[in-house]
Amino acid sequence: VGKGQQAAPRRPDRARQLSYRGGRRRLVVQQLEDPIRVPFIDEGTPLMRLKLDLERMSMRFAVRRDEERVEITIFNDNVEIALEPREHSYVLLTLARARQADRDTRAPDQRGWRDRDELERMLGIDANALNLAVHRARQQLSAAGVRNAARVVEVKRGRRRFGTERFTIVPLEE
C-alpha cells in the first residue's frame, strides 16, 4: 500500500462502512486478485475525490410501507453510498415518481415536469418549504461528493422535475 492510501479488506460478501460528516459511505468490494486501493484524505472524508456524477450514477429509493421513511442510496461503479434519511428525501421521491409515471407516455425531455403549485399541494407544503427541501437535497448530495448535485432537481418556469432517469423505487426491508 502506497503512502496516503489504505488497502480495503478483501471481503466480497460484506461492505466496509466508512464514516464522514453527514452520513455513512459503504464501499462495495469486488473479489479481485490484488487488493483494492482506497484513497485516504487527511480531512477524514474518504472517497471524496471519487467521481460521482449525476448522469453516471444511479439512485435507489427504499420506501417504508407507510411512507414515513425514505432511504436514498447512490450507486456508482463499485461504490454504494447510503445517504442519511431526511425530510427532503420524500420530496425527491415524489419528483422521481412523477418522472417514472411519465416514462411510457412522454418523450424523455418532457418526463416528470410538475408545476410548483401542484407539488406544493401533493406534499402539503408551501413554496418556501419546497425550495428549502430542494436546497437541502442538493446540499446533501454535494456533501456526499456528487459534482453536479444542483441538477438533482431541475427548474424551468415554475416547474420542477427529478434530474435523472437512473433510479429505482423499492420497498424498504425492515
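Residues numbered from 1 in each chain as written. Predicted model: local features only at pLDDT ≥ 70, side-chain atom pairs only at ≥ 80, totals over all residues. Heavy atoms only, no water.

Visitor: Could you give an account of the sheet that holds strand β10 (residues 159–162), with specific residues and numbers?
Guide: Pairing in this open sheet of 3 strands is antiparallel, and the strands run β8-β10-β9 from one edge to the other. Two strands lie at the open edges of the sheet, namely β8 (114–115) and β9 (153–156), each paired on one side alone. The pairing of β9 with β10 spans 4 bridges and is antiparallel. Bridge pairing links V155 to R160 in β10. Docked against the sheet, helix α1 (residues 88–101) engages β8, β9 and β10, running at close to 85 degrees with respect to β10. (Pairing = 2+ DSSP bridges. Helix = DSSP H or I, 4+ residues; strand = E, 2+ residues; numbered from the N terminus. Contact = heavy atoms within 4.5 Å. Axes fitted to C-alpha atoms, helices over the stretch in contact; angles between N-to-C directions.)

Visitor: Please provide a residue-by-residue account of helix α3 (residues 127–143), values included.
Guide: In an α-helix, one turn spans 3.6 residues; hence positions three or four apart end up facing the same way. The end-to-end C-alpha distance of α3 is 24 Å, a good match for the 24 Å that 17 residues give at a rise of 1.5 Å each. Inspection of α3 places L130, A133, V134, A137, Q140 and L141 among the buried residues, and these make up the whole buried set. In a view along the axis of α3, the buried residues occupy a sector of 130 degrees, so they form one face of it. Check the buried side of α3 and you find it contacts β5 (58–63), β6 (70–76), α1, α2 (116–123) and β9. The N-cap of α3, judged by a side-chain oxygen 3.3 Å from the amide nitrogen of N128 a few residues on, is D126. (Expected span 1.5 Å × (residues − 1). Buried < 20%, exposed > 50% of the residue type's maximum accessible area, 1.4 Å probe, protein only. Arc of directions from axis to C-beta. Polar contact = N/O pair within 3.5 Å; in protein donor to acceptor, adjacent residues only side chain to side chain.)

Visitor: Describe in detail the environment of R106, supporting the description with residues and values.
Guide: Here R106 is to be found in the loop between α1 and β8. Using a relative accessible area of 37% as the deciding quantity, one classes R106 as partly exposed. Non-local contacts of R106, meaning those with residues more than four positions away in its chain, are made with R111, W113 and R114.

Visitor: For the packing of α1 against α3, give the residues involved together with the corresponding values.
Guide: Where α1 meets α3, the closest approach of the two axes is 8 Å, and the angle between their N-to-C directions is 95 degrees. Relative to α3, the element α1 is oriented roughly perpendicular. Across the interface between the two elements, H88, V91 and L92 of α1 pack against L130, A133, R136, A137 and Q140 of α3. (Parallel < 35°, antiparallel > 145°, perpendicular 65-115°, else oblique.)

Visitor: Go over the pairing of β6 with me, naming the residues and quoting the values.
Guide: Counting buried positions along β6 yields 5 of 7 residues, so the element is predominantly enclosed. Hairpin remark: β5 followed by β6, antiparallel, with 6 residues in the connecting loop; positive phi at E67, about 60 degrees. Inspection of the sheet shows β6 paired to strand β7 (residues 79–82) by 4 bridges, in the antiparallel sense. Residue pairing across strands places F75 opposite E80, the latter belonging to β7. Turn length for the β6-β7 hairpin, with the two strands adjacent in sequence and antiparallel, is 2 residues, and the turn residue D77 shows positive phi of about 50 degrees.

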